[in-house]
Amino acid sequence: MQDLFAAQAIGTRTELGPQACVLHGFALPVVPALLADIEHIQQSAPFRQLVTPGGRSMSVAMTNCGPFGWCSDRRGYRYDPRDPDSGRAWPPMSTAFLQLAADAADAAGFPGYVPDACLVNRYTPGTRLTLHQDRDEDDRVAPIVSVSLGLLATFLFGGFARGDKTLRVPLAHGDIVVWGGVDRMRFHGVLPVKDGTHELLGTRRINLTFRKVK
Ligand code: MD3
Ligand code: FE
């Protein structure tokens, strides 16, 4: 397959694998509600740069909402029902978040999706996410639903071994990626975000990833 450089029309779908696809512009109708909810989340659980078990500070700033939140520190990666910085539960997942995740999963062929974690990633120009697998969830089949907002990013969609060749997929404001089943354990990452200004999010890209953890 070739890299996917051209911008794709709103309402169309790009198949990445047997159970992975991009729903172009799927989140656009609910962006105002999502931005209000993100503002609310960051007031009670501020974005922070986590430290990896190897001692490096991640360039992506993260927070969470929902019953479980993804955390990393010198002891390892885990899902925690509490924000380690405050000792309090993560803010709840809003109805708008839950409905959008369920609608996108349904459109991608995964009916009845009820996530129990939502990781919120914040990128600024230069921020990247190195190639990795999402393997801290007990459920390795349920889909992950990823919502891109703000600055354009180039997503790397890999295979099942770190060294496999990767497909480059541009992700625009409002795009949703859903991947589950046989595609769930693919390596993936995000290239350093390029300079730019988005009309709603300014110099930021925000990515929501909904997961079923327990
Ligand atoms: C994986 N976040 O938080 S999600 C993560 O844009 C993470 O912030 C990225 O990877 C981000 O763990 C990417 C988007 C995504 C899309 C398609 C995939 C991840 C995928 C297909 C297979 C495996
Ligand atoms: Fe990931």
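All values derive from a computational prediction rather than experimental measurement.

Asker: Looking at this model, I keep getting lost on the packing of helix α1 (residues 31–44) against helix α2 (residues 95–107). Mind explaining?
Answerer: Between two packed helices, what matters for the description is the angle formed by their axes and the separation of those axes. Relative to each other, α1 and α2 sit at 125°, their axes nearing to 9 Å. For the element pair α1 / α2, the angle class is oblique. As α1 packs across α2, the resulting crossing turns out to be left-handed. On α2, the residues that touch A33, L34, D37, I38 and I41 of α1 are A96, F97 and L100. Classifying every residue of the contact of α1 with α2 by side-chain character gives seven nonpolar, no polar and one charged.

Asker: Please explain the sheet that holds strand β10 (residues 167–171) as it appears in this structure.
Answerer: Paired through backbone hydrogen bonds, the strands of a sheet run either parallel or antiparallel to each other. The four strands lie next to each other as β7-β12-β9-β10, forming an open sheet whose pairing is antiparallel. Two strands close off the open sheet at either side, each with one partner strand: β7 (129–132) and β10. Mean inter-strand twist for the sheet, computed between neighbouring axes without regard to direction, equals 20°. In this structure, strand β9 (residues 153–157) lies alongside strand β12 (residues 188–190), joined through three bridges in antiparallel fashion. Across the sheet, F155 pairs through a bridge with V190, a residue of β12.

Asker: Honestly, the coordination of the iron ion (ligand 2) in this entry has me stumped. Any pointers?
Answerer: Geometrically, a metal with four donors at the corners of a regular tetrahedron has ideal angles of 109.5 degrees, and one with six donors at the corners of a regular octahedron has ideal angles of 90 or 180 degrees. All of the protein donors around the iron ion (ligand 2) are H132 (NE2), D134 (OD) and H188 (NE2); their distances to the metal are 2.0 to 2.2 Å. All donors of the iron ion (ligand 2) belong to a single chain; written as a sequence motif, their spacing is H-x1-D-x53-H.

Asker: How do you make sense of the pattern of salt bridges when you look at a structure like this?
Answerer: Going through the model one piece at a time under the given rule, you end up with nine salt bridges. The salt bridge involving R48 is made with D85; its shortest N-O contact spans 3.5 Å. Of the two residues, R48 sits in the loop between α1 and β3 (61–65) while D85 sits in the loop between β5 (76–80) and α2, which places them 37 residues apart along the sequence. On the basis of relative accessible area, R48 is assigned to the buried category, the value being 13%. The residue R75 makes a salt bridge to D73 at a minimum N-O spacing of 3.5 Å. Counted as one network, the salt bridges with shared partners bring together D73, R75, R78 and D80.

Asker: What is the right way to look at empty space enclosed by the protein in this model?
Answerer: Any empty space left between atoms is shown by rolling a water-sized probe over those atoms. The full count for this structure, using the stated rule, is one cavity of 30 Å³ or more. Within this model, the largest cavity holds a volume of roughly 40 Å³. In terms of lining, the largest cavity is formed by F155, F157, W179, D183, R186 and H188. Across the lining of the largest cavity, the residue classes tally to three nonpolar, one polar and two charged.

Each value, and the rule that gives it
- Residues numbered from 1 in each chain as written.
- Chains lettered and ligands numbered in written order.
- Predicted model: local features only at pLDDT ≥ 70, side-chain atom pairs only at ≥ 80, totals over all residues.
- Heavy atoms only, no water.
- Axes fitted to C-alpha atoms, helices over the stretch in contact; angles between N-to-C directions.
- Helix = DSSP H or I, 4+ residues; strand = E, 2+ residues; numbered from the N terminus.
- Parallel < 35°, antiparallel > 145°, perpendicular 65-115°, else oblique.
- Left-handed = near helix turned anticlockwise from the far one by under 90°.
- Contact = heavy atoms within 4.5 Å.
- Nonpolar A, V, L, I, M, F, W, Y, C, P; charged D, E, K, R; others polar.
- Pairing = 2+ DSSP bridges.
- Donors = N, O, S within 2.8 Å, 3.2 Å for Na, K, Ca; no water.
- Salt bridge = Lys/Arg side-chain N within 4 Å of Asp/Glu carboxyl O.
- Buried < 20%, exposed > 50% of the residue type's maximum accessible area, 1.4 Å probe, protein only.
- 1 Å grid on protein atoms, 1.4 Å probe; cavity = no way out; pocket = protein on both sides within 12 Å on 5 of 7 lines; lining within 4 Å.
- Points joined across faces, edges and corners; volume = space filled by probe spheres on them.

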